[in-house]
Amino acid sequence: MVSFVVLFVHCLLFISRPACEHCSGMGNDVLQGDSMITTREIAFHLPGLDLSLEIVANVEDLVTDPEDDDQIPYWAELWPAARGLAQYIWERIDFQGATVLELGAGLGLPGLVAALKGGLVTFSDYIEESLDIIARNARRNGIQAASYLLADWRDFQCDKKFDWIIGSDVLYNPTLNPYVAGILERNLSVRGQLLFSHPSRPVTMQFIDDIKRSLGLQEEKAVQVVTVQEPGVPQFNQGIDIHHLTKI
Ligand SMILES: C[S@@+](CC[C@H](N)C(=O)[O-])C[C@H]1O[C@@H](n2cnc3c(N)ncnc32)[C@H](O)[C@@H]1O
């Protein structure tokens, strides 16, 4: 049953469980509703970057109603798209002094790396526990100046304009995408830039094409290869599409 639920959650997003090399027990338990969240520590390495991350160890226990998309704990997985975007940011983007909004931050890996590249990052999600874990991960990796915004895309109470808006694997739901488009229209500054990553989802490609037209954006595309590990399956590489969009 437990593995069925994990499989179910993963099948909904049509992607695989991310790799988690160098795991170790951590023993941090937090009560979420009726569920206890257990966390563990992993190391996330890139050339010149060593992060220690607290991640959720018992994602399957947090599924309360698999029929209700809002109850599925997507936030609690470290998705391959987050690893790909983190890698892209670390290698290619200088955020020095820029304001950055991360949408659907989940465990917040891309935003943490953006903060280490000089960004003033606001992590946002509609799940409070997501922001709690990100705040702990920011502290354990020496990030002082971060902000946290608990907000649902369907009622996004934020007036601030950001130099960058970023998101990994957040454009997968066609009923939610129009709300995200509204946030981009309202909260991106005049010369603002966007960064989105995903595992080649057609629905995301369509969204990107639409906002390129409606917001007048030009695009630089890249593919970052990340290594994915599944229990019982040999590790494999997955290409993550990166879209870097700037105002024309
Ligand atoms: C597939 S997860 C991606 C998480 C993280 N960005 C990553 O790549 O590991 C989607 C994220 O979007 C958030 N999300 C989904 N629907 C949302 C909504 N209506 N408002 C705000 N955040 C939402 C979820 O809580 C989750 O953190």
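These remarks concern the structure in this document. For clarity, every value in this text was computed on a predicted model and none was experimentally measured.

Topic: the site of the ligand
- Near the ligand, the surroundings consist of 22 residues, among which Trp-75, Ala-82, Gly-104, Gly-106 and Ser-168 are the closest.
- Considering only residue class, the shell around the ligand consists of 14 nonpolar, 4 polar and 4 charged.

Considering the pairing of strand 7 (residues 162-168)
- The element strand 7 is largely enclosed, with a buried count of 6 among its 7 residues.
- Considered for its hand, the β-α-β crossover made up of strand 7, helix 5 (residues 177-187) and strand 8 (residues 188-198) is right-handed.

Considering the nonpolar core
- Of all hydrophobic cores here, the largest spans 63 residues; its most connected members are Ala-82, Leu-85, Val-100, Leu-107, Leu-109, Ala-114 and Ile-165.
- The dominant element in this core, judged by the number of residues it contributes, is helix 2 (residues 80-92), at 6 residues.
- Setting aside its immediate chain neighbours within four residues, Val-100 contacts Phe-95, Gly-111, Ala-114, Gly-119, Leu-120, Val-121, Thr-122, Phe-162, Asp-163, Trp-164 and Ile-166.

Digging into helix 6 (residues 202-215)
- End to end, helix 6 covers 20 Å across 14 residues, agreeing with the expected 20 Å (1.5 Å per residue, within 8%).
- Along helix 6, the residues classified as buried are Thr-204, Phe-207 and Ile-211. Seen along its axis, helix 6 keeps its buried residues to an arc of 55°; they face one direction. Along helix 6, the residues that are exposed and aim more than 90 degrees away from the buried face are Pro-202, Asp-209 and Arg-213.
- Elements that come into contact with the buried residues of helix 6 comprise helix 5, strand 8 and strand 9 (217-230).
- Once helix 6 finishes, Gly-216 follows within two positions and takes phi at roughly 65°, a positive value.

Looking at unusual backbone geometry
- In the Ramachandran plot, Asp-169 falls in the positive-phi region, its phi being about 50° despite a non-glycine side chain.
- Its place among the elements puts Asp-169 in the loop between strand 7 and helix 5.
- One non-glycine residue, Ser-200, lies in the positive phi region at around 55°.
- With respect to the secondary-structure elements, Ser-200 resides in the loop between strand 8 and helix 6.

Structural notes on the environment of Leu-245
- Tracing the backbone shows Leu-245 in strand 10 (residues 233-247).
- Taking the C-alpha atoms as reference, Leu-245 lies 4.9 Å from Leu-194; in sequence the two are 51 residues apart.
- Not counting residues up to four positions away in its chain, the partners in contact with Leu-245 are Gln-193, Leu-194, Lys-212, Leu-217 and Glu-219.

Quick look at the packing of helix 5 against helix 6
- Relative to each other, helix 5 and helix 6 sit at 35°, their axes nearing to 11 Å. For the pair helix 5 and helix 6, the crossing hand works out as right-handed. Residues Asn-177, Ala-181, Leu-184 and Glu-185 of helix 5 form the contact with helix 6, whose own contacting residues are Phe-207, Ile-211 and Leu-215.
- Each residue belonging to the contact of helix 5 with helix 6 can be placed in one class, and the counts come to 5 nonpolar, 1 polar and 1 charged.

Things to note about the pairing of strand 3 (residues 49-56)
- Pairing of strand 2 (residues 35-46) with strand 3 involves 8 bridges; the strand directions are antiparallel. Considered in strand 3, the bridge of Leu-46 is made with Leu-49.
- Linkage of strand 2 to strand 3, two consecutive antiparallel strands, is achieved through a turn of 2 residues, within which Gly-48 is found at a positive phi near 85°.

Each value, and the rule that gives it
Per chain, residue numbering runs from 1 following the sequence as it is written. Under the rules for a predicted model, residues below a pLDDT of 70 receive no local features and side-chain atom pairs below 80 are neither given nor counted, while totals for whole chains, interfaces and linings still include all residues. We call a residue near a molecule or strand when its C-beta atom, built from the backbone, sits within 6 Å of it. Ten residues, namely Ala, Val, Leu, Ile, Met, Phe, Trp, Tyr, Cys and Pro, are considered nonpolar, four, namely Asp, Glu, Lys and Arg, are considered charged, and the remaining ones, Gly among them, are considered polar. Three classes are used. A residue is buried when 20 or more other C-beta atoms lie within 10 Å of its own, exposed when 12 or fewer do, and partly exposed in between, with C-beta atoms placed from the backbone. Every helix listed is a DSSP run of H or I at least four residues long, and every strand listed is a run of E at least two residues long, numbered separately from the N terminus. With the strands pointing away from the viewer, any crossover whose connection runs clockwise from the first strand over the helix to the second is right-handed. Structurally, a nonpolar core is described as a collection of buried Ala, Val, Leu, Ile, Met, Phe, Trp, Tyr and Cys residues joined by way of C-beta atoms within 7 Å. Remark: residues whose backbone-derived C-beta atoms lie within 7 Å of one another are considered to be in contact. Multiplying 1.5 Å by the helix residue count minus one yields the expected span of that helix. Throughout, the arc means the angular range of directions from the helix axis out to the C-beta atoms. What counts as an axis is a line fitted to C-alpha atoms, over the stretch in contact for a helix, and the angles between N-to-C directions run from 0 to 180 degrees. Crossings are sorted by hand: turned counterclockwise from the far helix by less than a right angle, the near helix makes the crossing left-handed, and turned clockwise it makes it right-handed. Two strands form a pair only when DSSP identifies at least two bridges running between them.

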